Amino acid sequence: MTTVKSGRLLVVGGYGAVGATVAAALVDWFPGRVVVAGRDAARALRLGGVRVDVTDPDGFRRTLDGLGDVAVVVMCVEPPDAGIAHACFERGVHLVDIGATRRLLDGVAELDGLAAAGGATAVLSVGVAPGLTNLLARRAHEAVGGAERIDLTVLLGAGERHGADAVRWTVEGLAEPATARPLRVELPGHGPRTAYPFPFSDQHTLPRTLGTVQVTTRLCLDSGPLTGTLFALRRAARHPAVRQALTAVLRRVHAGGDGFAVRADARRGDLHAAYALTGRAQSRVTGLVAAYVTRELLTGSLPVGVHHIEGLAALARLPEALAEHGVALQRLGGPPEG
Ligand SMILES: NC(=O)c1ccc[n+]([C@@H]2O[C@H](COP(=O)([O-])OP(=O)(O)OC[C@H]3O[C@@H](n4cnc5c(N)ncnc54)[C@H](OP(=O)(O)O)[C@@H]3O)[C@@H](O)[C@H]2O)c1
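Reading the values: rules and limits
Sequence order as written defines residue numbering, which begins from 1 separately in each chain. Totals for whole chains, interfaces and linings use every residue, but because this is a predicted model, local features are given only for residues with pLDDT of at least 70 and side-chain atom pairs only at 80 or more, for both listing and counting. Values shown for side chains rest on all heavy atoms present in the structure; no hydrogens or waters enter the calculation. The helix count covers DSSP runs of H or I at least four residues long, the strand count covers runs of E at least two residues long, and both are numbered beginning at the N terminus. Under the scheme applied here, a residue whose accessible area is under 20% of the maximum for its type counts as buried, over 50% as exposed, and between as partly exposed, the area being computed with a 1.4 Å probe on protein chains only. Should any heavy atoms of two residues lie within 4.5 Å, those residues are counted as being in contact. Definition of nearness: a residue and a molecule or strand are near each other if at least one heavy atom of the residue lies within 4 Å of the molecule or strand. Residues adjacent in sequence count toward polar contacts only when both atoms are side-chain atoms; beyond that, a polar contact is any pair of N or O atoms within 3.5 Å, and within protein one must be able to donate a hydrogen and the other to accept it. We get accessible surface area from the Shrake-Rupley algorithm with a probe of 1.4 Å; when it comes to residues, only the shown protein chains can shield them. Basically, the charged four are Asp, Glu, Lys and Arg, the nonpolar ten are Ala, Val, Leu, Ile, Met, Phe, Trp, Tyr, Cys and Pro, and anything else, Gly included, counts as polar. Segment limits for the domains were obtained from an automatic or database-derived domain assignment. Paired strands, as defined in this entry, are two strands with at least two bridges between them according to DSSP. An axis is simply a line fitted to the C-alpha atoms; with a helix, the fit covers only the stretch in contact. Between two such axes, the angle follows the N-to-C directions and lies from 0 to 180 degrees. Once two parts are joined, some of their accessible surface, as seen by a 1.4 Å probe, is lost; buried area is that loss totalled over both. Between Lys or Arg on one side and Asp or Glu on the other, a salt bridge is scored when a side-chain nitrogen of the former is within 4 Å of a carboxyl oxygen of the latter.

> Talk me through the environment of R102; I want residue IDs and the actual numbers.
Checked against the element boundaries, R102 lands in helix 5 (residues 102-109). For R102, a relative accessible area of 42% translates into the label partly exposed. When near neighbours in sequence (up to four residues on either side) are disregarded, R102 contacts S201 and H204.

> Tell me about the site of the ligand, and name the residues and values.
Lining the immediate environment of the ligand, one finds 27 residues, of which Y15, A17, R39, V128 and D165 sit closest. With respect to the ligand, the backbone of V18 contributes an N or O atom lying 2.8 Å from an oxygen atom. Out of a free accessible area of 910 Å², the ligand has 89% covered by protein chains. The set of elements that each furnish at least two residues to the shell around the ligand consists of helix 7 (128-143), helix 8 (164-174) and helix 12 (282-298). With four residues, helix 8 is the single largest residue contributor to the shell around the ligand. Residue classes in the shell around the ligand are distributed as 15 nonpolar, seven polar and five charged. There are two domains that each give the shell around the ligand at least three residues, and those are domain 1 (8-126 + 284-316) and domain 2 (129-283 + 321-333).

> Summarise the sheet that holds strand 10 (residues 214-221); cite the residues concerned and give the values.
As a general point, the strands of a sheet are linked pairwise by backbone hydrogen bonds and lie either parallel or antiparallel. Taken in spatial order, the seven strands of this open sheet run 8-9-10-7-11-12-14, and their pairing is mixed. Edge positions in the sheet fall to strand 8 (183-187) and strand 14 (328-333), since each has one partner strand and no second. When strand polarity is set aside, the average angle formed by the axes of neighbouring strands in this sheet is 30°. Bridge count between strand 8 and strand 9 (residues 191-197): five bridges; the pairing is antiparallel. Residue pairing in the sheet places R184 in a bridge with T194 of strand 9. Contacts from helix 10 (residues 224-232) reach strand 9 and strand 10, with the element oriented near 120° to strand 10.

> Go over the domain arrangement of the protein chain with me, naming the residues and quoting the values.
Taken domain by domain, the protein chain holds domain 1 (8-126 + 284-316) and domain 2 (129-283 + 321-333). Taking only C-alpha atoms into account, the centre of domain 1 sits 24 Å from that of domain 2. Taken together, the 25 residues of domain 1 in the interface contact 30 residues of domain 2. Both sides of the domain 1 and domain 2 interface together cover about 2200 Å² of buried area, and 56% of this is carbon and sulfur. Here domain 1 is connected to domain 2 by two salt bridges.

> So what's going on with the pairing of strand 6 (residues 121-124)? Which residues, and what values?
On strand 6, burial covers both faces: T121 and V123 on one face and A122 and L124 on the other are all buried. For strand 5 (residues 94-97) and strand 6, the ladder comprises two bridges, and the chain directions are parallel. Bridge pairing links V96 to V123 in strand 6. Taken together, the four bridges between strand 6 and strand 13 (residues 305-308) define a ladder with parallel strand orientation.

The structure is reproduced here in structure tokens:
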């Protein structure tokens, strides 16, 4: 029988769009052990949680010490730097992080030695993108016997009510210069779409974890006209005032559905393999991925140190596990599976 580590599960951002799903799933599996946290003290306390501000690592240390028996912190909001991870690892507290910003994930990865020394495990690249994209990339990479190039495509539903922090992240990403060309891609359930290069962290970590030189992640929305408008504003989005206006519009306009799709194409010479996943409500599915990862971590099956999700064999079948939540995995082509 699997033994599950004891201690509390601190879900930071636990009443946000992603965090609420994480907290609900973990409460089901680990009743009485989940503590929800955010900056709104009244809201957190109503949920039996605590006030936490991730921009204040010293305050976070005091919270961890006050709670005393935190086994794992699930980060469902992006902190400004690796200070929160540092506070966790110093105390041997495990970490699951849904962050999607390369600089932040690189900062946490640099703390690998500290995490390992304290017996802590951290899982990064947790969610839909990064997360499921990393897992599909690994499958496609293996299907061609080691990819020379991987193209990842993410389609998000413009009708979904994405959380404030996710909208902030998307608008900031729009302001970054494009590093590759747009691509026309067939996405199951959505048909052919033009997707544009977007700074998801997966394309920066995969070259290191898989050894594939060229990885590009592209984004589109389910609404073609909205995708075109958004990316036409790319240059203008370098101005803070434009980003502010765009954030306000994206938080109010919900044109489209809540379906999402991700696809990974791997190529080596003439060989090509592709996998896709479709589902509804990316915030919910991101939360489910984080909850599954946390449960696996608590069984003690994951090694200590800092890992991206695609480096952990115990999590390789996570896409199949999500079938019960309406997430459909498809192999779109490639050499026969070995
Ligand atoms: N890997 C993936 O596939 C994936 C997918 C979706 C989202 N994400 C990332 O997940 C994050 C959350 O997205 P979301 O859609 O859930 O956003 P959200 O709905 O805005 O949720 C953020 C939560 O964090 C709390 N929070 C905000 N600032 C905080 C701070 N300084 N200290 C403590 N808590 C704070 C918020 O509550 P208060 O404002 O009351 O504090 C809220 O509960 C984003 O960074 C996004 O980029 C990743």
